[in-house]
Amino acid sequence: MTTSSSSPPVKRRGLLPALLGLAAAVVLSTPGCTLFAMVDQAIHGPPPTPAVFVLPDKITAVLVDDPDNTLANARVPRTIGATALHHMRFHGAPETAVLVDAQQVARLEDQLGEAWPTTPIDDIGRRLHAQQIVYARITPQGINTHRGDRNGIPALQLDVKIIDAQSGTRIWPPHAVGSSDGYPLVVQATLDQRRRRLTGKDTPEQTLGHLADAAGLALGQLFYDWVPPAPGGDLEP
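Heads up: these notes are all about the structure in this document.

Procedures and definitions
- Residues numbered from 1 in each chain as written.
- Predicted model: local features only at pLDDT ≥ 70, side-chain atom pairs only at ≥ 80, totals over all residues.
- Heavy atoms only, no water.
- 1 Å grid on protein atoms, 1.4 Å probe; cavity = no way out; pocket = protein on both sides within 12 Å on 5 of 7 lines; lining within 4 Å.
- Points joined across faces, edges and corners; volume = space filled by probe spheres on them.
- Nonpolar A, V, L, I, M, F, W, Y, C, P; charged D, E, K, R; others polar.
- Buried < 20%, exposed > 50% of the residue type's maximum accessible area, 1.4 Å probe, protein only.
- Helix = DSSP H or I, 4+ residues; strand = E, 2+ residues; numbered from the N terminus.
- Pairing = 2+ DSSP bridges.
- Expected span 1.5 Å × (residues − 1).
- Contact = heavy atoms within 4.5 Å.
- Phe/Tyr/Trp six-rings, centres within 6.5 Å; stacked < 30°, edge-to-face > 60°.
- Core = buried A, V, L, I, M, F, W, Y, C linked by side-chain atoms within 4.5 Å.
- Axes fitted to C-alpha atoms, helices over the stretch in contact; angles between N-to-C directions.
- Parallel < 35°, antiparallel > 145°, perpendicular 65-115°, else oblique.
- Left-handed = near helix turned anticlockwise from the far one by under 90°.

Attention now moves to the layout of surface pockets. Its volume calculated, the second largest pocket comes out at about 360 Å³. A class-by-class count of the residues in the lining of the second largest pocket yields twelve nonpolar, three polar and four charged.

A separate point is the pairing of strand 3 (residues 156-164). Of all nine residues in strand 3, nine are buried, a share of seventy percent or more. Side chains Leu156, Leu158, Val160, Ile162 and Asp164 of strand 3 all project onto a buried face; the interleaved residues Gln157, Asp159, Lys161 and Ile163 project onto the opposite face, where all are buried too. Two strands pair when backbone bridges link them, and strand 2 (residues 132-138) and strand 3 are joined in this way by seven bridges, in the antiparallel orientation. Counterpart to Ile138 in the pairing with strand 3 is Leu158. Sheet analysis places strand 3 next to strand 5 (residues 183-187), joined by five bridges and oriented antiparallel. Directly across from Asp159, in strand 5, lies its bridge partner Pro184. Counted along the chain from strand 3 to the antiparallel partner strand 4 (residues 170-172), the turn is five residues long, and its residue Gly168 has a positive phi close to 80°.

Turning next to helix 3 (residues 75-91). The terminal C-alpha atoms of helix 3, which comprises 17 residues, lie 24 Å apart, in line with the 24 Å expected from a rise of 1.5 Å per residue. Of all the positions in helix 3, only Val76, Pro77, Ile80, Gly81, Thr83, Ala84, Leu85 and Met88 are classed as buried. Looking at the buried side of helix 3, the elements it contacts are strand 1 (60-65), helix 4 (102-112), strand 2, strand 3 and helix 7 (204-221). Just beyond helix 3, the residue with positive phi is Gly92, at close to 70°.

To continue, consider the packing of aromatic side chains. Scanning all chains against the criterion turns up three aromatic pairs. For the ring pair Trp172 and Phe223, a centre distance of 6.1 Å and an interplane angle of 80° mean the geometry is edge-to-face. You can see Trp172 sitting in strand 4 and its partner Phe223 sitting in the segment after helix 7, a full 51 residues away along the chain. You can call Trp172 buried: its relative accessible area is 9%. Overall, Phe223 belongs to the buried group, its relative accessible area being 4%. In this structure an aromatic cluster arises from ring pairing among Phe53, Trp172, Tyr183 and Phe223.

The subject of this paragraph is the pairing of strand 2. Counting buried positions along strand 2 yields six of seven residues, so the element is predominantly enclosed. In this structure, strand 1 lies alongside strand 2, joined through six bridges in parallel fashion. Bridged to Asp65 within strand 2 is Arg137.

As for its placement among the helices and strands, Asp202 is situated in the loop between helix 6 (191-198) and helix 7. Owing to a relative accessible area of 3%, Asp202 belongs among the buried residues under this scheme. Excluding anything up to four places from it in sequence, Asp202 contacts Arg196, Arg197, Thr207 and His210.

Grouped together as the largest cluster of nonpolar side chains are 32 residues, with contacts concentrated most on Ile80, Met88, Val134, Leu158, Val160, Leu219 and Phe223. When contributions to this core are tallied by element, the ones reaching two or more residues are strand 1, helix 3, strand 2, strand 3, strand 5 and helix 7. The biggest single contributor to this core is helix 7, with six residues. The residues touching Val160, leaving out its near neighbours within four places in the chain, are Val134, Tyr135, Ala136, Trp172, Pro173, Gly182, Tyr183, Leu185, Leu219, Leu222 and Phe223. By size, the runner-up hydrophobic cluster in this structure holds 15 residues, among which are Leu63, Val100, Ala130 and Ile133.

Our next topic: the packing of helix 3 against helix 4. One can describe the packing of helix 3 onto helix 4 by two numbers: an axis separation of 10 Å at closest approach and a directional angle of 155°. When the axes of helix 3 and helix 4 are compared, the pair comes out roughly antiparallel. Classified by chirality, the crossing of helix 4 by helix 3 is right-handed. For the pair formed by helix 3 and helix 4, the contact residues are Arg78, Ala82 and Leu85 on the first element and Ala102, Ala106, Glu109 and Asp110 on the second. Looking at the contact of helix 3 with helix 4 residue by residue, the class counts come to four nonpolar, no polar and three charged.

The following block contains the structure:
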C-alpha cells in the first residue's frame, strides 16, 4: 500500500528566504574593504609578506654559529645555513650578486678547526671572498620546553646580523633589538611536529632536524618577499 498519491507534497517555504536573509546580514555587517579583502584572499590567496631587510646587492656569505654549543649538534648550524642559502638563491636575495656556497663555508670551518669560534666574522667573510655576511647565532634562550610535553620540544632562536666584510661594521639591524644582540628570529615546532613528538613517532633528533629546516627557511625569508601557507597547511592526516 502506498500513500504517495494522496499525501500533499511537503513545502519548505521558509528555507530559501532564511538563507538569503542570513547571507544578506553577513554582507551588510562586513565593512566594504574587509569584505573585498576576504573575497580577494579567497580567490588569490594571502598577500605576500615583505622582506624584513633587502640585502645590498653584494657577494654574500651565510654563517650560522652555535658558539655556546647549545644544541650539542654541529650539523644543525650547517643545515640552517645551507637551507637559508637555498631559499635565498631561489628567490634572488641578493638580487644578482653571488651567494657563497655552503660547501665553501664548511671547508673553511674544517680548515680553521679550533680557531673557528674565535675568528672574527669579517675575517671569515674575507677568506670566503664575500663582501657581506649574514650572521645568525643560535642563542641559549632559544631552547624551550613546551608545556605538557615531557620530552621537551625545542624552539630555536637566532640572533641575526648583517656584517660588512671589509670594515667589520654592522649593516643591519643598526642597533640591537630588545635583549637580543641582533634581530631575534624564533622558530617553534608546528602542531603536527609536536603531536609526532608527543606520540613518539619522531625522535628528538628528528624534531630538531625539522626545526633546523624551518629555521633555515625563516632565516632566508627575512630577505625576500614570500607568501604564507594556507591555514592548517602544516597539519598531516
